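For reference, the chains in residue letters:
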Amino acid sequence: MFEGAIIGQYVPGESMVHRLDPRTKLILTIIMMTVVFMASSGWGLALSVGVIFFLIWLTGIPLSIYLRGIRSFRILIIITFGFQLFLVPGEPLLQWNFIHISREGLTLGGLMALRLVVVLLLAQFLTFTTSPMALIDGIEKLLSPLNKVGVPAHEMAMVMSIALRFIPIFFMEADRIIRAQVSRGADFESGNVITRLKPLTSIIAPLFIKAFQRADDLALAMEARGYQGGEGRTRLREIRLRRLDLLFLSTGLMVALGIRLIEVYV
Amino acid sequence: MNFSTREIVLAGVFAALACCVAIVFRFVQPVLVPFSLLPMVFLLAGGVLPPRAAAASMLGYALLGLAGLPVLAAPPFGGVIYIFKPTFGFILGYAAGAWTVSMVIRRLGRSFPIYLAACTAGIIVLYLIGLPYLYIILRFYLGQTVDIMRVLQIGFLPFIGLDLAKAFLSSVILVKIPVNRFLSGHSGSHSRTL
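Calculation criteria
Residue positions are counted from 1 within each chain, in the order its sequence is given. Key to labels: chains lettered from A, ligands numbered from 1, both in the order written. Local features in this predicted model are restricted to residues whose pLDDT is 70 or higher, and side-chain atom pairs enter the listing and the counts only when it is 80 or higher, whereas totals over whole chains, interfaces and linings include all residues. Only heavy atoms go into the side-chain values, all of them from the structure, while hydrogens and water stay out. Strands are runs of DSSP state E lasting at least 2 residues, helices are runs of H or I lasting at least 4, and numbering of each runs from the N terminus. Residue burial is assigned from relative accessible area. The probe radius is 1.4 Å, only protein chains are included, and a residue is buried under 20% of its type maximum, exposed over 50%, and partly exposed in between. Here, two residues are considered to be in contact whenever any of their heavy atoms come within 4.5 Å of each other. Accessible surface is estimated by sampling points in the Shrake-Rupley manner with a 1.4 Å probe; for residues, cover comes only from the protein chains shown. Residues counted as positive are Lys and Arg, residues counted as negative are Asp and Glu, and His and the chain ends are not counted. To locate a charge, take NZ of a lysine, CZ of an arginine, CG of an aspartate or CD of a glutamate. Computed with a 1.4 Å rolling probe, the buried area is the accessible surface lost when two parts are put together, summed over both parts. A pairing counts as a salt bridge when a side-chain nitrogen of Lys or Arg comes within 4 Å of a carboxyl oxygen of Asp or Glu. Within 3.5 Å is the distance limit for a polar contact, defined as a pair of N or O atoms, with the added protein rule that one can donate a hydrogen and the other accept it, and that residues adjacent in sequence qualify only through two side-chain atoms. The classification used treats Ala, Val, Leu, Ile, Met, Phe, Trp, Tyr, Cys and Pro as nonpolar, Asp, Glu, Lys and Arg as charged, and all other residues, Gly among them, as polar. Expected span of a helix: the number of residues minus one, times 1.5 Å. Aromatic rings from Phe, Tyr and Trp, taking only the six-membered ring of Trp, are treated as a pair when their centres fall within 6.5 Å; an angle between ring planes under 30 degrees marks them as stacked, one over 60 as edge-to-face, and anything in between as tilted. Only the stretch in contact is used when fitting a helix axis, every axis being a line fitted to C-alpha atoms; angles between N-to-C directions are given from 0 to 180 degrees. Angles below 35 degrees are treated as roughly parallel, those above 145 as roughly antiparallel, those between 65 and 115 as roughly perpendicular, and all remaining angles as oblique. Handedness of a crossing follows from how the near helix is turned relative to the far one, being left-handed for an anticlockwise turn of less than a right angle and right-handed for a clockwise one. The patches reported here contain residues having more than 30% relative accessible area and no salt bridge. Joining distances are 9 Å for like charges and 5 Å for nonpolar side chains (Val, Leu, Ile, Met, Phe, Trp, Tyr). Buried residues of nine kinds, namely Ala, Val, Leu, Ile, Met, Phe, Trp, Tyr and Cys, make up a nonpolar core once their side-chain atoms join them within 4.5 Å.

Caption draft 1: Structural detail: the overall build of chain A. When its secondary structure is counted, chain A shows 11 helices and 2 strands. For chain A, the sequential pattern of α-helices and β-strands runs α-α-α-α-α-α-β-β-α-α-α-α-α. Across its three principal axes, chain A shows a C-alpha extent of roughly 65 × 60 × 40 Å. When burial is assessed residue by residue, chain A has 45% of its 266 residues classed as buried. Looking at chain A alone, contacts between residues at least 24 apart form 71% of all its contacts between residues at least 6 apart. Approximately 15,100 Å² of chain A is accessible, and the part contributed by carbon and sulfur atoms is 67%. Here chain A contributes 26 positive and 19 negative side-chain charges, whose respective centroids are spaced 4 Å apart.

Caption draft 2: A look at the overall build of chain B. Check the secondary structure of chain B and you find 8 helices and 0 strands. Helices and strands in chain B line up, N terminus first, as α-α-α-α-α-α-α-α. Here chain B holds 194 residues, and 54% of them are scored as buried. Residue pairs at least 24 apart in sequence account for 69% of intrachain contacts in chain B once pairs closer than 6 positions are excluded. Total accessible area on chain B is roughly 8,300 Å²; 71% of this is exposed by carbon and sulfur atoms.

Caption draft 3: Summary view of the interface of chain B and chain A. Counting from both sides, the interface comprises 51 residues of chain B and, opposite them, 52 residues of chain A. Note on chain B versus chain A: buried area summed over both sides is about 4,700 Å², and carbon and sulfur give 78% of it. Viewed at the interface, chain A and chain B are joined by 1 salt bridge. The partner of Asp216(A) in a salt bridge is Arg6(B), with the nearest N and O atoms 2.1 Å apart. Viewed at the interface, chain A and chain B are joined by 2 residue pairs in polar contact (both at pLDDT 80 or more). Within the residue set of the side of chain B that touches chain A, elements represented by two or more residues are helix H1 (5-28), helix H2 (38-48) and helix H3 (51-66) of chain B. It is H1(B) that provides the largest number of residues to the side of chain B that touches chain A, a total of 18 residues. Looking at the side of chain B that touches chain A, its residues break down into 36 nonpolar, 12 polar and 3 charged.

Caption draft 4: Quick look at helix H6 (residues 74-87) of chain A. Residues and elements named next belong to chain A. Helix length check: H6, at 14 residues, gives a terminal C-alpha distance of 20 Å against a target of 20 Å (1.5 Å per residue), a fit within 8%. Listing the buried residues of H6 in full gives Ile77, Thr80, Gly82, Gln84 and Leu85. Summarising the contacts, the buried residues of H6 are in contact with helix H5 (63-71), strand E2 (99-102) and helix H7 (103-129).

Caption draft 5: Seen up close, the packing of aromatic side chains. Considering all chains together, one arrives at 11 aromatic pairs over all chains under this definition. Aromatic pair Tyr66(A) and Phe128(A): ring centres 5.1 Å apart, planes at 55 degrees, arrangement tilted. Here Tyr66(A), found in helix H5, pairs with Phe128(A), found in helix H7; they are 62 residues apart in sequence, far enough to count as distant. Looking at Tyr66(A), the relative accessible area reads 0%, which means it is buried. Using a relative accessible area of 6% as the deciding quantity, one classes Phe128(A) as buried. Here the aromatic rings of Phe42(B) and Tyr94(B) are separated by 5.4 Å at their centres, their planes lie at 25 degrees, and the arrangement is stacked. Here Tyr94(B) lies in helix H4 (residues 88-108) and Phe42(B) lies in helix H2, a separation of 52 residues in the sequence. Every member of this aromatic cluster is reached through a ring pair, and the members are Phe208(A), Phe212(A) and Phe14(B).

Caption draft 6: Here's a closer look at the environment of Asp175(A). By secondary structure assignment, the location of Asp175(A) is in helix H9 (residues 153-183). Sequence spacing of Asp175(A) and Trp43(A) is 132 residues, and the spatial spacing of their C-alpha atoms is 50 Å.

Caption draft 7: Summary view of the packing of H2(B) against H3(B). All names here are of chain B. Here H2 crosses H3 at 150 degrees, and the two axes come no closer than 8 Å. Considering the angle they form, H2 stands roughly antiparallel to H3. Judged by the sense of rotation from one axis to the other, the crossing of H2 with H3 is right-handed. Here Leu38, Val41, Phe42, Ala45 and Gly46 of H2 come into contact with H3, specifically with Ala54, Ser57, Met58 and Tyr61.

Caption draft 8: Structural detail: a nonpolar patch on the surface. Together, Leu47(A), Leu261(A), Ile262(A), Val264(A), Tyr265(A) and Val266(A) make up an exposed nonpolar region whose accessible area comes to about 630 Å². Inspection of the secondary structure assignment puts Leu261(A) in helix H11 (residues 243-265).

Caption draft 9: Fine view of the nonpolar core. Ile167(A), Phe170(A), Phe14(B), Met58(B), Tyr61(B) and Leu64(B) are the most contacted members of the largest nonpolar core, which has 97 residues in total. With sequence-adjacent residues up to four places away left out, Phe14(B) is seen in contact with Phe208(A), Phe212(A), Val41(B), Leu44(B), Ala45(B), Val48(B), Leu49(B), Ser57(B) and Met58(B). If you look at the next biggest cluster of nonpolar residues, it comprises 33 residues, including Ala39(A), Ile52(A), Leu55(A) and Leu120(A).

Pasting the structure below:
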């Protein structure tokens, strides 16, 4: 039931953006998010929205898929908007009993809500076009200069990859254990909060044991294949920055600076 | 710098556990009652793993979220932007807390009272990181006028009781886990049947 929550993110494709180095996309997303968050005026925000829609167009993924992703955040967006709308004091636009809407609240609420939508779109731009494994590879490469100061980049990436693999396993095992316990007469449905907690141990304990066993198997399998950490390890898909990546990065940086300058001077 | 293969794998397992707990609680959690089992995950990670691996597991969880995968508990569930969320400090606190728990256990040994002390120390470290972060983001990023008292009111007082209960519960669970067997790699059969 929950597995799709993670894995359903990636939309395979052949677009220019799909083929970019994951590092490029990571950096590009960070740059654009910073721009969006620093944008204090409608101008800056409008420009960055334009840039982001251009990026989205480049991914070749229909806008409807992006919007479907945003839809699950609609309550959050409404709350963000409403919070500013009703609570920010200022020049009254509408006043009725205790309801008080100010011009400042309307502007601020709109700005915050728009910002949130844009940030969500950007996050999707990254996760739709980059498979989780590519994302982790990108992070490993970005962190690897920090190896010298003691940040274990490879180990961190390995922890993340294994975590990704284990998320569906956990759900699968939990499902199996729940069925097994129910078939033996366990009752998870009735009673109050406290009495419901008790059968929970009959799920958690076997879940832990199974997880540890699997971890054992995996560690054994890795060592049997000669895994000894990141040093001298080769990979199936080597990621490297190509000309297209440099083009995207430099353009992204210039656009970001441009938007900033326009914000400051116009 | 040297992690054993088993430590890396177990750190991955705990990071996955954190993701699962966060994902499940998104569905069952009523909007207005902020309750999370994540603190228990970091306490258990600290109780089972050596210090560096424990910290790595929770940092791995944080990085998965920051990279944009929707594994974090609160909206927007993932993305670099999480750094600006007032509660992100608590996610960093999980890593520091897990490290602390593990360190206390390494120094003092393994028994129920020590687990209890270690988990309490972990919770304290969680707040030592989380609350200043909360204050800094509220004050300097969101520009709200908050004083220390207010920060304690929104980030500390409503949660500390439950978190101490979670520390107790984690200690109870930790006593039952044969940790040494897991770390040395003799956790029983390799059968695939349940």
